[in-house]
Amino acid sequence: MANFSSEDQAMLQAMLRQLFQSVKEKITGAPSLECAEEILLHLEETDENFHNYEFVKYLRQHIGNTLGSMIEEEMEKCTSDQNQGEECGCDTVVQQVTKRTQESKEYKEMMHYLKNIMIAVVESMINKFEEDEARNQERQKKIQKEKSRSYCTDNCSDSDSSFSQSYKFCQGKLQLILDQLDPGQPKEVRYEALQTLCSAPPSDVLNCENWTTLCEKLTVSLSDPDPVFSDRILKFCAQTFSLSPLHMTKEIYTSLAKYLESYFLSRENHIPTLSAGVDITNPNMTRLLKKVRLLNEYQKEAPSFWIRHPEKHMEEIVESTLSLLTVKHDQSHVVSQKILDPIYFFALVDTKAVWFKKWMHARYSRTTVLRLLEKKYKSLVTTAIQQCVQYFELCKTRKADETLGHSKHCRNKQKTFYYLGQELQYIYFIHSLCLVGRLLMYKQGRKLFPIKLKNKKGLVSLIDLLVLFTQLIYYSPSCPKMTSAAHSENYSPVSMVTEVLWILCDQKECAVECLYNNIVIETLLQPIHNLMKGNEASPNCSETALIHIAGILARIASVEEGLILLLYGANMNSSEESPTGAHIIAQFSKKLLDEDISVFSGSEMLPVVKGAFISVCRHIYSTCEGLQVLITYNLHESIAKAWKKTSLLSERIPTPVEVSDSVSSVSQESQNIMAWEDNLLDDLLHFAATPKGLLLLQRTGAINECVTFIFNRYAKKLQVSRHKKFGYGVLVTRVASTAAGGIALKKSGFINELITELWSNLEYGRDDVRVTHPRTTPVDPIDRSCQKSFLALANLLSYPAIYELVRNQDLSNKTEYSLREVPTCVIDIIDRLIILNSEAKIRSLFNYEQSHIFGLRDFIIDGLSVERNHVLVRINLVGGPLERILPPRILKKSDNPYPWPMFSSYPLPNCYLSDITRNAGIKQDNDLDKLLLCLKVSDKQTEWIENCRRQFCKMMKAKPDIISGEAVVELLEKFVLHLTESPSECYFPSVEYTATDANVKNESLSSVQQLGIKMTVRYGKFLNLLKDGAENDLTLVLKHCERFLKQQQTSIKSSLLCLQGNYAGHDWFVSSLFMIMLGDKEKTFQFLRQFSRLLTSAFLWLPRLHISSYLPNDTVESGIHPVYFCSTHYIEMLLKAELPLVFSAFHMSGFAPSQICLQWITQCFWNYLDWIEICHYIATCVFLGPDYQVYICIAIFKHLQQDILQHTQTQDLQVFLKEEALHGFRVSDYLEYMEILEQNYRTVLLKDMRNIRLQSTQIMRHTV
C-alpha cells in the first residue's frame, strides 16, 4: 500500500466507473443482490467487450508481473515430470499449474495486496457518491420550497413522499394528474404532472379506474406543439411498453396508432409530399418519426409474448396497425404532389419490414393477419404490389444516366438527414418487396392472388408477380463496385429481390407453386438466351445480376422437383423441341469456360460468373439423371481445360520480395487464382457423384488432384456448403470403387490417415473422451469407439482398390513389433490385426496379461471367440441363406449360452451344413413343355423372341421352381443358340477359336482363380451338381475362356495392376455356368462362345470386356467396367426415383449403392442368394435382356428397404449389406414389379448399354 499513490487511486476509480457504466443495465435489471453478484462473476462469458475494459487489463498486467515467472517455472517442472513418466495427480498440466500457483506464497500476498487496494478505492467512491447525493437532495428541497402549488388535496401525503415511499397509487392522485394534464393548465403544471406520472409504479397506474381516460388524455396531448412535453409522453409510452402487461400496452399502442391515423388524415398537419421529400432535422418530422419508431419497436417485440394472452388483445393490435398502414389521402393526379402516407414513414424506420416477418412467423398471429388482410385491408397488399410494378416500370423505361438517384440508394452507410422523393419511393419499394415476399411463403397468403391493380388491365397472378421479381434482377441498377460493403449490398434492388426468391426456393410447397414452372424459368434464362445470341442481356444486365440469377437456379436445381423442371420442363411428355433449362445453362456455362462470349471479355467478374453457372451445372451433373442430359456437352473436358490453364497461372505468380502496394495486389491476385483453381477442382470432383461421372473424371486425368483436394479439406476439418448435405463421404466411397481411385486415395494420404486414426482409436482410445473411471474390457466384436474408423476404412476397400493396394506385397511377419510402430497401409493392417500367425503379433496387439489368456480362448467362450467362430465358418462355407447355417454372433442368456461347436480344424462340423433339397433332375410340366416347344419353332424372329419371353415370364410367376437343374440347361442352350442365328440380336462379331485342351493344358491360372475353382467344386458337390473330376474340367474351361477372350483384347500400357495381364479375380459367371451345365465342360464352353456374341454377355460375364478391343481406348485405360459406369449408374438413377428413402439412407451412411451392387454382380450373387435364385438371375437376364440386371438390383433394394433404414440408424449399413445374405428374396416374387420398371426405363437403359462401344464423341452425336 505504501507505493499506492493518490494518482493510482484516481486511475482505478476511473477504471471502475467505466466498468460499472458498461454493465449498468445488466446490474440494475437484476432482481436481487445475489443475482447482481452472479452477473458480475460471469461477466467474461456474457460480455464480448470484457477483455477491453481498462480495469481487466490492469488486473491481467498485475497478475503477469507478479506471478508470470513462477507460472512458467511450474509449467516447465510439470512437463519434465510427465516426460519422466511421473503422474501429475491432475487431469491436465493446466490444472496442475493452477493448483500449485494458488497454494504459493506469492499468490496469497498478491490477493491480500489487491484486496486492500480495492477496499480503499471502493470506500472512497462510496463516500464521494454519498456527498453528491446529499448535495442533490438539498438542491431538490430548495426547488420544492419555491413551488407555490400544492399537488395533493386528499388525505395522501405530498407527491414527493407518495412516489418514493407509498405502495399504492391513489385514485384521487390520478384524477389530479388528469386535471393537470389539461391543455389549459400552465406549462409548468403539465410538466410536473407528467413527471409524476412517469415516476409512478406501472402496476399502480394500471390498477387505477381512470386508466382509459388517461390514455385518451395522453393521446390528445401528443399533438402538443411543445416538443419537450411530447417527448415526455413518448417516454411514458415507452416505459409502459417495456414494463407493463399486454392489456395495458395494448391500450397504449392502439391509442397511439389511432392518434397517428387521425394525424395523417387531418388537413391541419403539414405532411410533406413525395416531391418535397423528408427532412428529418425538421422538428415536426423528428417528432413524427419518433412516434412511428416507438410503434414499430413494439410491433417487433409484441409477438414474443402475446401468445400468453387472450387472442382478442392480439387482434386489436393487428387491426389498429393495418388500419393505420392503409390510410390514404385524396391524391392528386400528379404523382410528385402525392402526400406521404403512413407506410412511407414505417418504411423509413423498418425498411425490410421486420415487423411483418415476425408477425407472420407464428401461426397464432399469422392466421389473424391473413384473415384481416383478406377481408378488410387487402389494399395494403395491393399498394405494395403496385409499388413493385411502378419501380419495375421505372427501371425498364429510364435512361442509363437516370439511375433513380441510385448512387444514393447504394451509398455507403453514412448519416443522411434528407430523403428525396425518389429515395422515399425506393425505400417504400424495398419495404413492399419484403412484405409481399413474406406473404408468398404461406399458403393462405398466396390465396390472396390474383389481385387487381389500378390503371392495369387484368389481374396480377402469382406467376405474374414472380416474373416481375425475376425481371427486376436484370433490369434494376446494381451498386457500384466500390460500395460492396455488406450494408449497402443488402439494400441494393438486385440483392433484395434475390434474397426474397431464395427464401421462396427454400420453402418446398411455395417453390412448387411459385417458381417451378416454365414461365418463371424462361424469365430467369432470358438474359442468358440474349447473351448466347450475341445481344445484350437487357438494357442494364450486369455480371452481378447474372451471378444472382445463377444463385437462384442453383437453389432450384438442388431440389428434386426443381431439378426435374430444369431437365425436362413442366411437361415431361411434351413433343416440343425447344431446349429445356438444363441444356441452356450447360451451353452457356460451356461458352463461359471456353471464353466464347465477347460481352464479358476482360471482365474482373468473369471468374465469379463462370463459377456461379458451373455451380448450377454441378447440381445437375452430380445426379444420374442430370448427367444423362448434360453428358453431350462434355463439360468435364471444358472444366479440366480451365483448371489446367489456371493451375499454370498459379505457378507463374511472382513471389513478393518487398513490402509495397504491389505486394498486396499480387497477393490478392494469387488468392483469387488459387480460389478459382480450388473451385474448378471441386467442380471436377463432383462428377464422381455418379458412376458414369467417375468415368468422365478419370478421363480428364485430374483424379489425383481432386482426391488430394478432398483430403486437404478433410485434414482441415472444413465445413461443406449447405447444398452438400452429407459432405464428401459418398464421393470418397465412390472414388474408391475403382482401381485408379484407390491409387489416388493412397497417394493423397487419405488411406494412411484413416489407418492411423483407426490404430490410434484401437490402441489409445479417443482423445476427446475424459476418463473419469476405469473402462470395462470390451466384449463386442467391434468396440463402439472404433466402429466409425472401421467403417470409414471399409468404405474404401472395394476389390478393385484393394487389388491395387496389396497385390505383390508380402506380410511383414516380423519377429518383434515396437509399441511405437504404427501401421500406415492396408497390408500393415492385415499383418497386425487379421493374420495373427505369430506370438510377436499377439503380444504387440494385446497386453502381456491378455496374451497369456489368449491361448485359452479355445476353451473359454467370450464375445471374441464367438465372433471368430462365426468368421471361420462363414469363409469356409459357400451358399445362400438357406444353404448354409452360420453360428450366431452373440451369446444367449440361458444355461447353455452357445451350443455351437467351435470350428478350429477340418472337417467343418456337420451342424453347419443345411439339409436343403439337392438337385433332383428335370421334372415334367405342361408349361415347361410349352416353353421348350416355343424354342423349336422360329418362323418370324421377332415374334418368336417375344413369345419365348412371355412363356418364360409365365413360368417364372406360376412355377419358378421348375426352372432349375436340366431344365435351365436346355432353356439357355436353345434360346441363346436361336438368338445368335439372328444377326440383329448379335452385338459382338463371331470369333474363330480352334484351340484344343492340349493347347491350353500347360497354361497357368492365377492363385485367385485356383482358389475360386476349389470353392466352386466344393459348392457344386454340396448341391449334387458336380462329381469327381470337376476340378480339372473347370480348370480347362477357365483356361479356354482366357485364351478365347485374349484374342479379343487390346494391348495397353498402364500403371494399373489390374490392366497388366488377365482379369484380376475369379470368373464367377463361368463357374456358375459350369454348375448350371452340371459340370459338362464342352457344353459350358460351347455355350459361352455363343453367348459372348450377345449384348447381355457384356454385363453378366465381366471378364468378357476386360481390356477388350471392342471398348474405346479411354474406357479401357480407366480400368472401369461397363457394369459399373452403365448398370450401377442406372441402378442409382432408378433407386432415387423408385425408392427415395433407400437412396437417402445410402447417402447418410456415406456408402454408395453402386459399390455393393458391383460386388453382388461381380460374384454373381454367390453367398447372397440360394443356387436356384442365382439360376433365375442368369436366366432372367438372358431371356428378358441385360437391363433386367438393373431391375433385379432395384427389386432387392425394395425387398431390403426396412432393413436398410434400420441399419442406417444403427450406423452399420455397410456391414449388413456386405455380410448378410439376401434372406427371403426370390426373383419370381418381384417379376411383375420388374416388368413395370421395364416399361418405364427399358428404352433409355438399352440405348445406353448399346453405346458402350462408342467413343465419347460418337456418343455425343448418337445422343443428339
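Right above here is the structure, for reference.
These figures come from a predicted structure and were not determined experimentally. (Residues numbered from 1 in each chain as written. Predicted model: local features only at pLDDT ≥ 70, side-chain atom pairs only at ≥ 80, totals over all residues. Heavy atoms only, no water.)

How do you make sense of the overall build of the protein chain when you look at a structure like this?
Within the protein chain, the regular secondary structure consists of 65 helices and four strands. Taking all 1264 residues of the protein chain together, the buried fraction comes to 50%. Long-range pairs, those at least 24 residues apart, make up 76% of the contacts in the protein chain between residues at least 6 apart in sequence. When the accessible area of the protein chain is evaluated, it comes to approximately 62,700 Å², of which 51% is carbon and sulfur surface. (Helix = DSSP H or I, 4+ residues; strand = E, 2+ residues; numbered from the N terminus. Buried < 20%, exposed > 50% of the residue type's maximum accessible area, 1.4 Å probe, protein only. Contact = heavy atoms within 4.5 Å. Areas by Shrake-Rupley, 256 points an atom, 1.4 Å probe, with all protein chains shown as cover.)

When you look at the pattern of salt bridges in this model, what are you seeing that I'm missing?
Within this structure, the stated rule accounts for 38 salt bridges. Close ionic contact of Glu-297 with Lys-300 constitutes a salt bridge, the shortest N to O distance being 3.7 Å. Here Lys-300 and Glu-297 lie together in helix H15 (residues 283–301), a separation of three residues that amounts to about one turn. The buried category is assigned to Lys-300, whose relative accessible area is 18%. In this structure, Glu-1238 engages Arg-1242 in a salt bridge whose closest nitrogen and oxygen atoms are separated by 3.2 Å. Remark: Arg-1242 and Glu-1238 occur in helix H64 (residues 1231–1250); sequence separation between them is four residues, near one turn of the helix. Salt bridges here are not isolated pairs; linked through shared partners, they connect Arg-293, Glu-297 and Lys-300. (Salt bridge = Lys/Arg side-chain N within 4 Å of Asp/Glu carboxyl O.)

Would you mind showing me how to read helix H61 (residues 1188–1199) here?
Residues spaced three or four apart along an α-helix point in a common direction, a consequence of the helix completing one turn every 3.6 residues. For H61, spanning twelve residues, the distance from its first C-alpha to its last is 16 Å, which sits close to the expected 16 Å at 1.5 Å a residue. For H61, the buried fraction is high: ten of the twelve residues fall into the buried class. Within H61 the residues assigned to the buried category are Tyr-1188, Gln-1189, Val-1190, Tyr-1191, Ile-1192, Cys-1193, Ile-1194, Ala-1195, Ile-1196 and Phe-1197. (Expected span 1.5 Å × (residues − 1).)

Help me understand the nonpolar core in this model?
Taken as a class, soluble globular proteins show a tendency for nonpolar side chains to be buried jointly. Phe-345, Leu-373, Phe-469 and Phe-1197 are the most contacted members of the largest nonpolar core, which has 336 residues in total. Per-element tally for this core: the top contributor is helix H22 (residues 421–440), with twelve residues. When near neighbours in sequence (up to four residues on either side) are disregarded, Leu-373 contacts Leu-322, Phe-356, Lys-378, Leu-380, Val-381, Leu-439 and Leu-448. Leu-43, Val-56, Tyr-58 and Ile-117 belong to the second-largest nonpolar core, a separate cluster that totals 15 residues. (Core = buried A, V, L, I, M, F, W, Y, C linked by side-chain atoms within 4.5 Å.)

Honestly, the environment of Asn-518 in this entry has me stumped. Any pointers?
Tracing the backbone shows Asn-518 in helix H28 (residues 518–532). With a relative accessible area of 30%, Asn-518 lands in the partly exposed category. For Asn-518 and Ala-570, which are 52 residues apart along the polypeptide, the C-alpha to C-alpha distance reads 5.9 Å. Contacts of Asn-518, omitting those with residues within four sequence positions, involve Leu-565, Gly-569 and Ala-570.

Would you mind showing me how to read the packing of aromatic side chains here?
Scanning all chains against the criterion turns up 43 aromatic pairs. Measuring from centroid to centroid gives 5.5 Å for Phe-264 and Phe-345, while their planes differ by 55 degrees, and the two rings are tilted. Placement of the pair is Phe-264 in helix H14 (residues 246–265) and Phe-345 in helix H17 (residues 342–349), with a sequence separation of 81 residues. Here Phe-264 and Phe-345 have matching classes, each one buried. Aromatic side chains Tyr-799 and Tyr-803 sit 6.0 Å apart centroid to centroid with 35 degrees between the ring planes, which places their arrangement in the tilted category. (Phe/Tyr/Trp six-rings, centres within 6.5 Å; stacked < 30°, edge-to-face > 60°.)

Hey, could you run me through the packing of helix H57 (residues 1122–1138) against H61 in this one?
Each pair of packed helices can be described by the angle between their axes along with the distance between the axes. Look at H57 against H61: their axes get within 9 Å of each other, and the N-to-C directions meet at 45 degrees. Judged by the angle between their axes, H57 and H61 are oblique. The handedness of the crossing between H57 and H61 is right-handed. Every residue of H61 that contacts H57 at Val-1123, Ser-1127, Tyr-1130, Ile-1131, Leu-1134 and Leu-1135 is listed here: Gln-1189, Val-1190, Tyr-1191, Cys-1193, Ile-1194 and Phe-1197. Here the contact of H57 with H61 is composed, by residue class, of ten nonpolar, two polar and no charged. (Axes fitted to C-alpha atoms, helices over the stretch in contact; angles between N-to-C directions. Parallel < 35°, antiparallel > 145°, perpendicular 65-115°, else oblique. Left-handed = near helix turned anticlockwise from the far one by under 90°. Nonpolar A, V, L, I, M, F, W, Y, C, P; charged D, E, K, R; others polar.)

Would you mind showing me how to read the side chain of Asp-828 here?
Within the element layout of this structure, Asp-828 appears in helix H43 (residues 826–834). Arg-832 provides the closest opposite charge to the buried, salt-bridge-free Asp-828, at an N-O distance of 7.0 Å. Beyond its immediate sequence surroundings of up to four residues, Asp-828 is in contact with Ser-812 and Pro-823. (Lys, Arg positive; Asp, Glu negative; His and termini not counted.)

Whenever I open this one, the environment of Pro-800 confuses me. Can you help?
Along the chain, the position of Pro-800 falls in helix H42 (residues 799–806). Residue classification places Pro-800 among the partly exposed positions, given a relative accessible area of 26%. If we ignore the near neighbours within four places in the chain, the residues touching Pro-800 are Ser-737, Thr-738 and Ala-739.

Got a minute to help me understand a negative patch on the surface in this structure?
Taken together, Glu-72, Glu-73, Glu-76 and Glu-106 make up a surface patch of like negative charges. Within the fold, Glu-106 resides in helix H7 (residues 105–146). (Patch = residues over 30% accessible without salt bridge, like charges linked within 9 Å, V, L, I, M, F, W, Y side chains within 5 Å. Charge placed at Lys NZ, Arg CZ, Asp CG, Glu CD.)

Could you clarify how one ought to interpret unusual backbone geometry in this entry?
Leaving glycine aside, a negative phi is the common case for residues, and trans is the common case for peptide bonds. Cis peptide bonds are those with omega within 30 degrees of zero, and the linkage from Phe-449 to Pro-450 qualifies with 0 degrees. For Asn-1167, which is not glycine, the phi dihedral falls at a positive 70 degrees. For Asn-1167, the location among the structural elements is in the loop between helix H59 (1153–1162) and helix H60 (1171–1184). Here Asn-1167 falls in the partly exposed class, since its relative accessible area comes to 22%.

How should I be thinking about the packing of H17 against H22 in this particular structure?
One way to put it is that H17 packs onto H22 with a least axis distance of 9 Å and a crossing angle of 80 degrees. As far as their axial angle goes, H22 and H17 are roughly perpendicular. Two secondary-structure elements touch here, H17 through Ile-343, Tyr-344, Phe-346, Ala-347 and Leu-348 and H22 through Leu-424, Gln-425, Ile-427, Tyr-428 and His-431. When its residues are assigned to classes, the contact of H17 with H22 shows eight nonpolar, two polar and no charged.

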